[in-house]
Amino acid sequence: MKKIDSWFILCCLLIPILFVSCHDDDKIDYNDMPDAIHTFINDYFPGTTVTKSEKISGEAHYKVNLSNGFELKFYKEGGWQEIDGSNQPLPQALLYEILPGNVITYVATQYPAASVVEAERHDYGYKIELNTAPEVDLKFDNDGLIIQS
């Protein structure tokens, strides 16, 4: 019986250590992130504060959470990768800057009452999420031409 108790205690001690060591993200001081990230946040999210900043382990990516609920992901050099507004519309000035005009035009004509609440940049182009019911995800190529709706 003592042998089983010893194994049980050992497992109870090791399992939390394994979970902690498998954590995907590492905290990083916001000031240690690339200047391009600071510029992006200052330009498009003035007046917000950074509540959490991380470097995604195993990848050259950064993640930043803002006080207004937005979650931003950036590539190693600081270019934007994903902007998630948590169902809040992304700022119009930001959309005009980061998305091709064809994407803006398509959304305005096909979904005039909708707002973009998430934008992602991929090798193939862009993926956006609209605040429609049901939720609509759209994919565009790098020129802003619709791939999938």
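Residues numbered from 1 in each chain as written. Predicted model: local features only at pLDDT ≥ 70, side-chain atom pairs only at ≥ 80, totals over all residues. Heavy atoms only, no water.

Enquirer: Describe the overall build of the protein, with residues and values.
Expert: Helices and strands together make up the secondary structure of the protein, namely four helices and nine strands. Shown N-terminal to C-terminal, the secondary structure of the protein runs as helices and strands in the order α-β-α-β-β-β-β-α-α-β-β-β-β. Taking all 149 residues of the protein together, 36% fall into the buried category. The long-range share in the protein, meaning contacts at least 24 apart out of those at least 6 apart in sequence, stands at 41%. (Helix = DSSP H or I, 4+ residues; strand = E, 2+ residues; numbered from the N terminus. Buried < 20%, exposed > 50% of the residue type's maximum accessible area, 1.4 Å probe, protein only. Contact = heavy atoms within 4.5 Å.)

Enquirer: Help me get a handle on the pattern of salt bridges, residues and values and all.
Expert: Enumeration over the complete set of coordinates arrives at three salt bridges. A salt bridge links E54 to K52; the nearest nitrogen and oxygen atoms lie 3.5 Å apart. A salt bridge links K73 to E82; its shortest N-O distance comes to 3.9 Å. Via salt bridges that share partners, K52, E54 and K63 belong to a single interconnected network. (Salt bridge = Lys/Arg side-chain N within 4 Å of Asp/Glu carboxyl O.)

Enquirer: Describe the nonpolar core, naming the residues involved and giving the relevant values.
Expert: The biggest cluster of nonpolar side chains holds 32 residues, and the ones touching the most others in it are F40, I41, F45, L72, F74, I83 and I128. Here the element with the most residues in this core is helix 2 (residues 35–44); it accounts for four residues. Those residues in contact with F74, other than ones at most four positions away along the chain, are I37, F40, I41, A60, H61, Y62, V64, G79, W80 and Q81. (Core = buried A, V, L, I, M, F, W, Y, C linked by side-chain atoms within 4.5 Å.)

Enquirer: Describe the packing of aromatic side chains, listing the residues and the values that go with them.
Expert: Enumeration over the complete set of coordinates arrives at five aromatic pairs. When the ring of F40 is compared with that of F74, the centres are 5.4 Å apart and the planes differ by 85 degrees; the resulting orientation is edge-to-face. Remark: F74 occurs in strand 4 (residues 71–75) and F40 occurs in helix 2; sequence separation between them is 34 residues. Assigned by exposure class, F40 and F74 land together as buried. (Phe/Tyr/Trp six-rings, centres within 6.5 Å; stacked < 30°, edge-to-face > 60°.)

Enquirer: A description of the environment of I146 should follow, citing residues and the corresponding values.
Expert: Looking at where I146 falls in the secondary structure, it is placed in strand 9 (residues 146–148). Its relative accessible area of 36% is what places I146 among the partly exposed residues. For the pair I146 and N102, spaced 44 residues apart in sequence, the C-alpha separation works out to 8.6 Å. Not counting residues up to four positions away in its chain, the partners in contact with I146 are Y106, L138, K139 and F140.

Enquirer: Outline the side chain of E118, listing residues and values.
Expert: Secondary-structure assignment places E118 in strand 6 (residues 116–121). Put simply, E118 is tucked away with no salt bridge, and the nearest opposite charge, on K127, sits 6.1 Å away. Residue contacts for E118: discarding those within four places in its chain leaves E82, I83, D84, L90, K127, I128 and E129. (Lys, Arg positive; Asp, Glu negative; His and termini not counted.)

Enquirer: Could you give an account of the pairing of strand 7 (residues 125–130), naming the residues involved and the relevant values?
Expert: A large share of strand 7 lies buried, amounting to five of its six residues. Strand direction decides the pairing type here: strand 6 and strand 7, joined by five bridges, are antiparallel. Across the sheet, residue A119 finds its bridge partner in strand 7, namely I128. Two successive antiparallel strands, strand 6 and strand 7, enclose a turn made up of three residues. By the bridge criterion, six bridges tie strand 7 to strand 8 (residues 136–141) in an arrangement that is antiparallel. Looking at strand 8, one finds that L130 is bridged to V136. (Pairing = 2+ DSSP bridges.)

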